[in-house]
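What the coordinates show
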Amino acid sequence: MQKNATNTLIEALDIQYVELSLDRVVMTMPVGPKTRQPAGILHGGASVALAETAASIATAINVDLTKFNPVGLEINANHIRSKQDGIVTAIATPLHKGRTTMIWEIKIVDEAEKLICVSRCTMAVIAKK
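A few points on the structure. By convention here, each chain's residues receive numbers from 1 onward along its written sequence. At least 70 in pLDDT is required for a residue's local features to be given in this predicted model, at least 80 for side-chain atom pairs to be given and counted, and no such filter applies to totals for whole chains, interfaces and linings, which use all residues. Only hydrogens and water are set aside when side-chain values are computed; all heavy atoms of the structure are taken into account.

Positive phi is not limited to glycine here, since Asn-7 has a value of about 60°. Inspection of the secondary structure assignment puts Asn-7 in the segment before α1 (9-12). Here a helix means four or more residues in a row that DSSP labels H or I, a strand means two or more in a row labelled E, and each is numbered from the N terminus.

Right, here's the structure in full:
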């Protein structure tokens, strides 16, 4: 799936796939100039982009992409602690995997497994026309 990331936000933020399974998607993102806010810490929007990317990929590997498109329907995030540099890791696990919607919990942690952000993302599964 990494090849599909060319010229996307995934590529721009240097998001990498670590683990892809039907019930767990793990992705990493560096914390640096591309992902920091002016105060020098990880931008909440970058965390949300990482979380939704993980949920989108998790949904995509659970559906037939020749028949369906997964699209974000709703996302929320609680930013727990700041991070100035290094790597953050998103771990997406399902709360609900239905026919037309999927809900994923995404925990974003630092290298010491400290919680940086927790997010919940609802994905719609839309039939292709």
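With that settled, the discussion passes to the pairing of strand β5 (residues 101-109). In this description, strands pair whenever DSSP reports at least two bridges between them. Pairing analysis gives 8 bridges linking strand β4 (residues 86-97) to β5, with the strands arranged antiparallel. Across the sheet, residue Ala-92 finds its bridge partner in β5, namely Ile-106. Counted along the chain from β4 to the antiparallel partner β5, the turn is 3 residues long. Relative to strand β6 (residues 115-127), β5 runs antiparallel, the two sharing 9 bridges. Counterpart to Val-109 in the pairing with β6 is Leu-115. The turn linking β5 back onto β6 is made up of 5 residues, and Glu-113 within it adopts a positive phi angle of 70°.

Moving on, we come to the environment of Val-48. Relative to the helices and strands, Val-48 is located in helix α2 (residues 44-60). Three exposure classes are used, based on accessible area relative to the maximum for each residue type with a 1.4 Å probe and protein chains only: buried under 20%, partly exposed in between, and exposed over 50%. The class for Val-48 is partly exposed, based on a relative accessible area of 23%. When the C-alpha positions of Val-48 and Asp-110 are compared, they lie 15 Å apart, and in sequence the two are 62 residues distant.

This next bit is on the nonpolar core. Core analysis: the largest hydrophobic core is formed by 31 residues, its most contacted members being Met-27, Met-29, Leu-50, Val-88, Trp-104, Ile-106 and Ile-108. Examining the composition of this core, we find that 8 residues originate from one element, α2, more than from any other. Two residues form a contact once any of their heavy atoms are found within 4.5 Å. Excluding residues that lie within four positions of it along the chain, Met-27 makes contacts with Ile-15, Gln-16, Tyr-17, Val-18, Leu-50, Thr-53, Ala-54, Ile-57, Val-88, Thr-89 and Ala-90. Buried Ala, Val, Leu, Ile, Met, Phe, Trp, Tyr and Cys residues that are joined via side-chain atoms within 4.5 Å together make up what is termed a nonpolar core.

The next point concerns the sheet that holds β5. Taken in spatial order, the 6 strands of this open sheet run β1-β2-β4-β5-β6-β3, and their pairing is antiparallel. In this open sheet, the two edge strands, each paired with only one partner strand, are β1 (16-21) and β3 (68-79). The sheet shows a mean angle of 20° between the axes of neighbouring strands, taken without regard to direction. Under this scheme, a helix contributes an axis fitted over its contacting stretch, all axes are lines through C-alpha atoms, and angles between N-to-C directions fall in the 0 to 180 degree range.

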